[in-house]
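# Per-entry structural report
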Amino acid sequence: QVQLAESGGGLVQAGGSLRLSCAASGRTFSSLNMGWFRQAPGKEREFVAASSKSGSSTYYADSAKGRFTISRDNAKNTVYLQMNSLKPEDTAVYYCAADRFLGGINITQARFANGYAYWGQGTQVTVSS
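Reference entry: report on the structure contained in this document. (Residues numbered from 1 in each chain as written. Predicted model: local features only at pLDDT ≥ 70, side-chain atom pairs only at ≥ 80, totals over all residues. Heavy atoms only, no water.)

## Notes on the pairing of strand β8 (residues 78–83)
Of all the six residues making up β8, five are buried; the element is thus mostly covered by neighbouring parts of the structure. From the end of strand β7 (residues 68–73) to the start of β8, which pair antiparallel, there are four residues, and N77 there has a positive phi angle of about 55 degrees. (Buried < 20%, exposed > 50% of the residue type's maximum accessible area, 1.4 Å probe, protein only. Helix = DSSP H or I, 4+ residues; strand = E, 2+ residues; numbered from the N terminus. Pairing = 2+ DSSP bridges.)

Quick look at the structure:
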């Protein structure tokens, strides 16, 4: 089993920054492809960013490019999402996801929520205008 726990969400003004963290259980974190998704009220869950197992490959939604950065520290079993220049439309519950079975990933695989086997409970991000 893999358990994921997000933290770092909160309330921030437009233009501000937040750093989300996702801590994973187990000794095989380096075998997991990791992703961040978000879901706003009344909307479908959407892809935000993803990282390959080593962190050498990263992928971003168009809405996140240039503002968000995904990174990981495999020694700490943690993946991060640094969010800068936040906008009100970034308001959503942000979820961390993992799939150790994907092998290598490309952007198509990274964006597909159903391809991830493990999910955290989510952390609320609210951006005020």
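## Digging into the packing of aromatic side chains
Going through the model one piece at a time under the given rule, you end up with four aromatic pairs. Ring geometry for F37 against Y116: centres 5.2 Å apart, planes inclined by 75 degrees, an arrangement best described as edge-to-face. Here Y116 lies in the loop between α1 (107–111) and β10 (118–119) and F37 lies in strand β4 (residues 33–39), a separation of 79 residues in the sequence. A relative accessible area of 4% means that Y116 is categorised as buried. Centre to centre, the rings of Y116 and W119 are 6.1 Å apart; their planes meet at 65 degrees, and the pair counts as edge-to-face. Residue W119 is classed as partly exposed on the basis of its relative accessible area of 28%. Through a chain of ring-to-ring contacts, the aromatic side chains of F37, F47, Y116 and W119 assemble into a single cluster. One residue, R45, lies across the ring of Y95, its end atom 3.9 Å from the ring centre. (Phe/Tyr/Trp six-rings, centres within 6.5 Å; stacked < 30°, edge-to-face > 60°. Lys NZ or Arg CZ within 6 Å of the ring centre and 35° of its normal.)

Keep in mind these values describe shape, not function.
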